[in-house]
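A closer look at the structure
Below are the chains, spelled out letter by letter.
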Amino acid sequence: MARIAVIGVGAIGSVIAALLQQSGRHEVMLCTRRPMAGLTVETPDGAVSIKAMVLTDPTVAPQVDWVLVATKAYDVAGAAKWLDRLCAAGAPVAVLQNGVEHRERFAPYLPLESILPVMVDCPVERRSPELVLQRGQMHLKVPADDLGRSFVDLFAGTPADAAAAPDFQTVVWRKLCHNAAGVLSALALQPAGVMQGEAMGEVLLQIVRECAAVGRAEGAQLDEQVAEAVLQAYRDTPPDAVNSIYADRMAGRPMEIDARNGVIVRLGRKHGIATPCNQMAVALLQAVVG
Ligand SMILES: NC(=O)c1ccc[n+]([C@@H]2O[C@H](COP(=O)([O-])OP(=O)(O)OC[C@H]3O[C@@H](n4cnc5c(N)ncnc54)[C@H](OP(=O)(O)O)[C@@H]3O)[C@@H](O)[C@H]2O)c1
């Protein structure tokens, strides 16, 4: 049994809490910035009502065995306020966020060896603060080291597909190729159906090719067809499907622009790789939020 704190109980954090509860082996605590009346996750196997301690004040948090962070990348500074007390006994911190800079984001707050990057892939939507709809299986991939294997063990016996990936760098860059393209929905203010258009498809290919070129320079193994595969995946998605950067823009929240596209521009510069489509997307969205 492990005492596990989940920081950020939105779409992903709620599904993670439901899975850990289903394991029947852990004591789960929910760290939120507002009180919660209740929480239900509609999973593909039925509704799970979460019965866990809810903490809203980082200054009275107990020490735990594991911390799982599932805030957006732009909320890292707030999430970090929980870490001093939760990690007082050296608990490792799994970062369940998009992008390729999980360790860099938490390096100002934690020793590098206690940070575990996690690639999280799950279609899930927050219907209200108390209700989350999980539309498919939770896939979790981590580096194939001792910490990664210990994280995978937390999910033993649950419906999650949790696994250690020998080439984690490739896993996160392949996911970034998909996420980078999602910016087109946020720019066009239209769900996935916008990718059906021929001109939009051409731009999507360019965005992903830039991402793949930078990923290869960073050591990821990405084949030449990755951009076409991402385009096909978007075109196979229901036209009304909403990705999270588009959902954030529609709701007037901050957006993960830097974690999903800015990083491609920054690392592209480092490697001398031009990334004009991503650069334009970042500039346009930054202009929107001011
Ligand atoms: N949703 C998906 O389908 C999906 C799929 C794959 C990957 N991801 C990635 O997973 C990560 C999490 O995404 P998400 O969709 O779960 O985000 P989300 O639904 O917006 O949930 C984030 C949660 O973090 C909470 N939070 C923010 N600051 C906090 C703080 N200081 N203390 C405690 N809680 C705090 C928010 O609280 P409030 O409720 O008060 O705003 C919110 O409940 C992102 O990097 C995302 O890109 C998402």
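Computed from a predicted model, the values in this text were never measured in an experiment.

What about the site of the ligand?
- If you check the shell around the ligand, you find 26 residues, and the closest are I12, R33, N98, R126 and E256.
- In this structure, a nitrogen atom belonging to the ligand sits 3.3 Å away from a main-chain N or O atom of G78.
- Here E256 contributes a side-chain N or O atom positioned 2.6 Å from an oxygen atom of the ligand.
- Relative to its unbound accessible surface of 900 Å², the ligand loses 87% to contact with the protein.
- At the level of elements, α1 (11-23), α2 (76-80) and β9 (124-128) are the ones that each hand at least two residues to the shell around the ligand.
- Of the residues assigned to the shell around the ligand, the class counts are eleven nonpolar, eight polar and seven charged.
- Domain assignment of the residues forming the shell around the ligand places at least three in each of domain 1 (3-166) and domain 2 (169-289).

Quick notes on the sheet that holds strand β10 (residues 131-134)
- The four strands lie next to each other as β4-β3-β10-β9, forming an open sheet whose pairing is mixed. Because the sheet does not close on itself, it has two edges, and the strands there are β4 (46-49) and β9. The sheet shows a mean angle of 20 degrees between the axes of neighbouring strands, taken without regard to direction.

Quick notes on empty space enclosed by the protein
- Enumeration according to the criterion identifies one cavity of 30 Å³ or more in this entry.
- Here the largest cavity defines a volume of roughly 30 Å³.
- Contributing to the lining of the largest cavity are Q97, N98, G99, H102, M119, V120, V172, K175 and L176.
- Put simply, the parts of the chain that give the lining of the largest cavity at least two residues each are β8 (115-121) and α6 (168-181).

Concerning the packing of helix α8 (residues 198-217) against helix α12 (residues 276-289)
- Relative orientation of the contacting elements α8 and α12 amounts to 110 degrees, with a least axis distance of 8 Å. Taken together, the axes of α8 and α12 lie roughly perpendicular to each other. Counted together, Q206, I207, E210 and C211 of α8 and P276, C277 and N278 of α12 form the full contact between these two elements.
- Residues that form the contact of α8 with α12 fall into these classes: four nonpolar, two polar and one charged.

So, the pattern of salt bridges
- Across all of its chains, the model carries twelve salt bridges by this definition.
- Measuring nitrogen to oxygen at the nearest pair gives 3.4 Å for the salt bridge that ties R3 to E27. Placement of the pair is R3 in strand β1 (residues 3-7) and E27 in strand β2 (residues 27-31), with a sequence separation of 24 residues.
- Overall, R3 belongs to the partly exposed group, its relative accessible area being 26%.
- Of the residues examined, E27 reaches a relative accessible area of 29% and is grouped as partly exposed.
- When salt bridges with common partners are traced through the structure, they connect K72, D248 and R253 into a single cluster.

Brief notes about the environment of D258
- Looking at where D258 falls in the secondary structure, it is placed in helix α11 (residues 257-271).
- The exposure class of D258 is partly exposed, given its relative accessible area of 42%.
- Between the C-alpha atoms of D258 and Y74, which are 184 residues apart in sequence, the distance is 8.6 Å.
- When residues no more than four places from it in sequence are discounted, the contact partners of D258 are V263 and R266.

The rules behind these values
Residues numbered from 1 in each chain as written. Predicted model: local features only at pLDDT ≥ 70, side-chain atom pairs only at ≥ 80, totals over all residues. Heavy atoms only, no water. Near = heavy atom within 4 Å. Polar contact = N/O pair within 3.5 Å; in protein donor to acceptor, adjacent residues only side chain to side chain. Areas by Shrake-Rupley, 256 points an atom, 1.4 Å probe, with all protein chains shown as cover. Helix = DSSP H or I, 4+ residues; strand = E, 2+ residues; numbered from the N terminus. Nonpolar A, V, L, I, M, F, W, Y, C, P; charged D, E, K, R; others polar. Domains from an automatic or database assignment. Pairing = 2+ DSSP bridges. Axes fitted to C-alpha atoms, helices over the stretch in contact; angles between N-to-C directions. 1 Å grid on protein atoms, 1.4 Å probe; cavity = no way out; pocket = protein on both sides within 12 Å on 5 of 7 lines; lining within 4 Å. Points joined across faces, edges and corners; volume = space filled by probe spheres on them. Parallel < 35°, antiparallel > 145°, perpendicular 65-115°, else oblique. Contact = heavy atoms within 4.5 Å. Salt bridge = Lys/Arg side-chain N within 4 Å of Asp/Glu carboxyl O. Buried < 20%, exposed > 50% of the residue type's maximum accessible area, 1.4 Å probe, protein only.

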